[in-house]
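Read off the chains here:
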Amino acid sequence: MKYGKISGFSDEIASDIITQFEVLNRLGIEYFEPRNVNGKNISELNDDEVMSLKDAMAKYKIKVSSVGSPIGKIRLDEDFDKHFEVFKRTVKTAKTLESKYIRIFSFYHKGGEWSSEERSEILRRLRMMISYAEDNDVILLHENEKDIYGDIAGRCADLMSELYCEHFKAVFDPANFVQCAQDTLRAYECLKDYVEYLHIKDALLADGRVVPAGMGDGNLQYIVTDFINSGRGGFLSLEPHLGSFEGLAALELGDKMLGLPKSGEGTFTIAFNALNEIIEKI
């Protein structure tokens, strides 16, 4: 089968946005999840830079699936008022780029057990952000990430049970759950009613190394199959994070891997091909 909503963090191809788009065009990928553009974080782009990005998108016929923002990746003892201004700027960028989704996180702390006071502060901050998202008609997608409040399935479910709505939903990242020693099948069954968007990233339980989709312990075949068959029509966003890994030489690289000029393009293509192998089995 062909799945029409494949996207990816194309800054893993190259920092230059034109190179990113040229590779996406070659692979037939019509969306991207902007995180770093020409070496600058998406949340830091000024109005002129955002319009320049939008012009490049139009030229290469690329659309945004979700803004891959760093919002919520600060400690609770850092300046939230300042961070909220960055958030508002990011919402403006998302609207200019015609993206209804913005990826966010749920904050770090100094370590140890999460206190009830910290949880209350996280909920307060997220409610502020959700209210602003509602006013601006965008959807915040919370990603499970190592060391934030929502790093394990139980705390992600806590956030969703408290806050899930039309403007606050979940991104499911299997590799991040693996790296937190979570059973991804249990995590997915716990959260799937909240999941709007998948990050396609797999990892090994033994050492946390990221590998192509289907080669790790993330249960990608089951999760992608259920997500597609659910009829949600959500995005599958490639986040390769691939370096050297065991089994690379054994991959069937195919014609698309011949003569690739850059390792970034090569590893992104490996990730894309691995996802397509999963989709073809559905």
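The structure presented is a predicted model; accordingly, all values stated were derived computationally and were not measured. (Residues numbered from 1 in each chain as written. Predicted model: local features only at pLDDT ≥ 70, side-chain atom pairs only at ≥ 80, totals over all residues. Heavy atoms only, no water.)

(A) Quick peek at the sheet that holds strand β8 (residues 168-172). Ordered in space as β1-β12-β9-β8-β7-β6, the 6 strands form an open sheet in which the pairing is parallel. A strand with exactly one partner marks an edge of an open sheet, and here the two such strands are β1 (6-8) and β6 (101-104). Between one strand axis and the next, the sheet turns through 30° on average, direction left out of account. In the sheet, β6 pairs with strand β7 (residues 139-143) via 4 bridges, with the strands oriented parallel. Counted as the bridge partner of Y101 is I139 from β7. Most of the contacts of helix α4 (residues 116-135) go to β7, to which it runs at about 145°, and overall it touches β6, β7 and β8. (Pairing = 2+ DSSP bridges. Helix = DSSP H or I, 4+ residues; strand = E, 2+ residues; numbered from the N terminus. Axes fitted to C-alpha atoms, helices over the stretch in contact; angles between N-to-C directions. Contact = heavy atoms within 4.5 Å.)

(B) Region of the structure containing the pattern of salt bridges. Applying the stated criterion to the full structure yields 26 salt bridges. Between R35 and D11 there is a salt bridge whose closest N-O contact spans 2.8 Å. Taken as a pair, R35 in the loop between β2 (31-32) and β3 (36-37) and D11 in the loop between β1 and α1 (17-27) lie far apart in primary sequence, 24 residues in all. Here R35 falls in the buried class, since its relative accessible area comes to 14%. With a shortest N-O distance of 3.8 Å, D226 and K192 are connected by a salt bridge. Remark: K192 occurs in the loop between α7 (184-191) and β9 (195-200) and D226 occurs in helix α8 (residues 220-229); sequence separation between them is 34 residues. Sharing partners across several salt bridges, the network here consists of D11, E12, R35, D173, K201 and E239. (Salt bridge = Lys/Arg side-chain N within 4 Å of Asp/Glu carboxyl O. Buried < 20%, exposed > 50% of the residue type's maximum accessible area, 1.4 Å probe, protein only.)

(C) Spotlight on α7. What α7 keeps buried is the set T184, A187, Y188 and L191. Seen end-on, α7 carries its buried residues on one side only, within an arc spanning 95°. Contacts from the buried residues of α7 go to α5 (153-163), β8, α6 (174-179), β9 and α8. Residue D183 occupies the N-cap position of α7, its side-chain oxygen lying 2.9 Å from the main-chain nitrogen of L185. (Arc of directions from axis to C-beta. Polar contact = N/O pair within 3.5 Å; in protein donor to acceptor, adjacent residues only side chain to side chain.)

(D) Spotlight on the packing of aromatic side chains. Taken as a whole and judged by the stated rule, the model has 15 aromatic pairs. Taken together, the aromatic side chains of F80, F84, F87, F107 and Y132 make up a single cluster linked through ring pairs. A cation sits over an aromatic face here: K73 above F105, 4.7 Å from the ring centre. Lying across the ring of Y149, R155 places its NZ or CZ 5.6 Å from the centre. (Phe/Tyr/Trp six-rings, centres within 6.5 Å; stacked < 30°, edge-to-face > 60°. Lys NZ or Arg CZ within 6 Å of the ring centre and 35° of its normal.)

Worth remembering: the numbers are spatial, not functional.
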